[in-house]
Amino acid sequence: MINEYFYNVATLFLNDKLSFQERLTDFINFISTNFQISRCSLMLIDYNDLSIEVYASTNPKIVGLKRKLSDVSVSTMALIDNEALWIDIESRNYFQHLDKSKYESSSSLTIPIKYLDKKLGVVNLTDFVNIEKFVNFDINIVKQLVQLIGPFISAQISQTICTEYARKLENKNNDYIELDKMKSELINFIVHDLKSPISVVIANLDMLLYDELTEDQKNIISLALEEMAKLQSMVLNILDVQKLEEARINILREEVDLYNLTKQKIKSLSGLLSRKMIKIDLKANPLNLFIDGELIGRVINNILINAIDHSPDESTISVTISEDDDNGIISFQDMGGGIPEEMLDKIFDKYFQAKEEGRAYIKTSTGLGLTFCKLVVEAHGGKITAQNKNHGALFTITLPKSLKIGIH
């Protein structure tokens, strides 16, 4: 019979078709029926507000009622003593009973529910039909059954806590996603509206160069044009990084000579190079690849500007174009002191701006230039890497010679 009790209780708590509340109620009814106890209740501790609440009872009116753990009650006393508490008529009046609780018996038993030394709640038993039989034969069985349900209740409480934390985390994550979306939309709105005025300023500055100007005036306008070109590049990077991330930008491939494309980009930066007295050592032969010339041209431009900004005056930047059986390779070696080792794996991250001891490693920018380069190169099926070599930074871009399946 005892083994049958244990089997029935274990089967009850393993029945996932029943809710937690239903399982607790069925357990209380099981105890009440099999051990002839008219009044039974099960209370669980809420450690958040330091209270204990009735979760199941043969008296439905008290389900949901709470009391503070600081109250003087049979339940709290059993939890403090950490053992079953038998109360007779002489000691009952010392304790405060729950409202709506009515006992016809002079005695009651409160058994703590615990698991791995953690107190979970109590089972209250009173109004015994045959108190002598219960005391002499049934009490130890009931204690063991209460001990049996401890792991099940602990697991359910842990699951409830985890589910609640997961729900809160999901809500916070959704809030962050919504905020990020709003931020992106606002940035794109502002940046998109900047494109036209920047283009107008560049056009007007370019027209001024056709006037009769002094050498100083030409230098000032040329410098302004270069800075506006940088600003225009930043704006385009912001817009295109998002498009690339969302796969909304088309890669328009055509046969392009990587050597000529690189020469054009070097020539466009002649003013910046002359002011810092930096030389570009280009070692290359014609190499035709099927690429988007405009996007790869911007990649080359970004890498060159990055190298120029980090290179000391009167230094040399080496640009080498080579090939292997499957790829075209272009590398950029500067003499700017290199990239901090701990930042090498982050250099292409979105909005990342590295710093070098003694000076900012990266120029004032959006932190998207290298991110844009990585996304464009990877959209071509290629790869871009950064490493330290010869007291400087070495950026290497690998682009496939042939079109690959699945590549834009």
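Residues numbered from 1 in each chain as written. Predicted model: local features only at pLDDT ≥ 70, side-chain atom pairs only at ≥ 80, totals over all residues. Heavy atoms only, no water.

(A) Just the overall build of the protein chain, in detail. Along its length, the protein chain carries 10 helices and 13 strands. The burial tally for the protein chain puts 42% of its 408 residues in the buried class. When contacts within the protein chain are restricted to residue pairs at least 6 apart in sequence, long-range pairs at least 24 apart make up 63% of them. Roughly 23,300 Å² of accessible area belongs to the protein chain as shown, and the carbon and sulfur atoms make up 53% of that amount. (Helix = DSSP H or I, 4+ residues; strand = E, 2+ residues; numbered from the N terminus. Buried < 20%, exposed > 50% of the residue type's maximum accessible area, 1.4 Å probe, protein only. Contact = heavy atoms within 4.5 Å. Areas by Shrake-Rupley, 256 points an atom, 1.4 Å probe, with all protein chains shown as cover.)

(B) Just a nonpolar patch on the surface, in detail. Side chains of Leu-186, Phe-189, Ile-190 and Leu-194 sit close together on the surface and give an oily, nonpolar patch of about 390 Å² of accessible area. On the secondary structure map, Leu-194 appears in helix α5 (residues 131-208). Classification of Leu-194 by relative accessible area gives partly exposed; the value is 35%. (Patch = residues over 30% accessible without salt bridge, like charges linked within 9 Å, V, L, I, M, F, W, Y side chains within 5 Å. Salt bridge = Lys/Arg side-chain N within 4 Å of Asp/Glu carboxyl O.)

(C) Summary view of the sheet that holds strand β3 (residues 66-68). Judged by pairing direction, the sheet is antiparallel, and its six strands sit side by side in the order β3-β2-β1-β6-β5-β4 without closing on themselves. Where the open sheet ends on each side, the last strands, each with one partner, are β3 and β4 (85-87). Sheet twist, expressed as the average angle between the axes of neighbouring strands with direction ignored, equals 25°. By the bridge criterion, three bridges tie β4 to strand β5 (residues 108-115) in an arrangement that is antiparallel. Bridge pairing in β5 links Leu-85 to Thr-110. Of the strands in this sheet, β1 (37-46), β2 (51-57) and β6 (118-128) are in contact with helix α2 (residues 20-34), which crosses β1 at around 145°. (Pairing = 2+ DSSP bridges. Axes fitted to C-alpha atoms, helices over the stretch in contact; angles between N-to-C directions.)

(D) Region of the structure containing the sheet that holds strand β10 (residues 316-323). Sheet architecture is open: five strands sit in the order β8-β10-β11-β13-β12, paired in mixed fashion. Each edge of the sheet is formed by a strand with only one pairing partner; in this case those strands are β8 (279-283) and β12 (383-389). The average angle at which neighbouring strand axes cross in this sheet is 15°, direction not considered. Of the pairings in the sheet, the one linking β12 to strand β13 (residues 392-400) comprises seven bridges and is antiparallel in character. Note that in β13 the partner of Lys-383 across the bridge is Thr-398. Against the sheet, helix α7 (residues 258-268) makes contact with β8, β10 and β11 (327-333), and its axis sits at roughly 175° relative to β8, the strand it touches most. Against the sheet, helix α9 (residues 293-310) engages β8, β10, β11, β12 and β13, with an angle of about 170° to β13.

(E) Quick peek at the confidence of the model for the protein chain. Averaged over the protein chain, the pLDDT score is 85; the fraction of residues at 70 or greater is 89%. Element-level mean pLDDT values for the protein chain span from 60 in helix α4 (residues 89-92) up to 96 in β11. pLDDT under 50 marks residues 98-103. Its contacts with residues more than four places away, or in other chains, come to 17 contacts. Residue range residues 356-364 is modelled with pLDDT below 50. Its contacts to residues more than four positions away, or to other chains, number 25 contacts. (pLDDT = per-residue confidence, 0-100.)

(F) Here's a closer look at the packing of aromatic side chains. In this structure the tally under the stated criterion is seven aromatic pairs. Ring centres 5.9 Å apart and planes at 85° place the aromatic pair Tyr-5 and Phe-30 in the edge-to-face group. Of this pair, Tyr-5 sits in helix α1 (residues 2-14) while Phe-30 sits in helix α2, and the two are 25 residues apart along the sequence. (Phe/Tyr/Trp six-rings, centres within 6.5 Å; stacked < 30°, edge-to-face > 60°.)

(G) Spotlight on the nonpolar core. The biggest cluster of nonpolar side chains holds 58 residues, and the ones touching the most others in it are Leu-258, Ile-303, Phe-332, Phe-395 and Ile-397. Here the element with the most residues in this core is α9; it accounts for nine residues. In contact with Phe-332, not counting residues within four places along its chain, are Ile-300, Ile-303, Leu-304, Ser-318, Val-319, Ala-393, Leu-394, Phe-395 and Ile-397. Within the second largest apolar cluster, 31 residues are counted, among which are Tyr-5, Val-142, Leu-145 and Ile-149. (Core = buried A, V, L, I, M, F, W, Y, C linked by side-chain atoms within 4.5 Å.)

(H) Here's a closer look at the pattern of salt bridges. For the structure shown, the criterion picks out 10 salt bridges. Salt-bridge contacts for Arg-167 lead to Glu-164; the nearest nitrogen and oxygen are separated by 2.4 Å. Of this pair, Arg-167 and Glu-164 both sit in helix α5, three residues apart, which is roughly one turn of the helix. For Arg-167, a relative accessible area of 39% puts it in the partly exposed group. Taking the relative accessible area as the measure of exposure, Glu-164 reaches 32% and is therefore partly exposed. Among the charged side chains, a salt-bridge network with shared partners connects Asp-46, Asp-49 and Lys-66.

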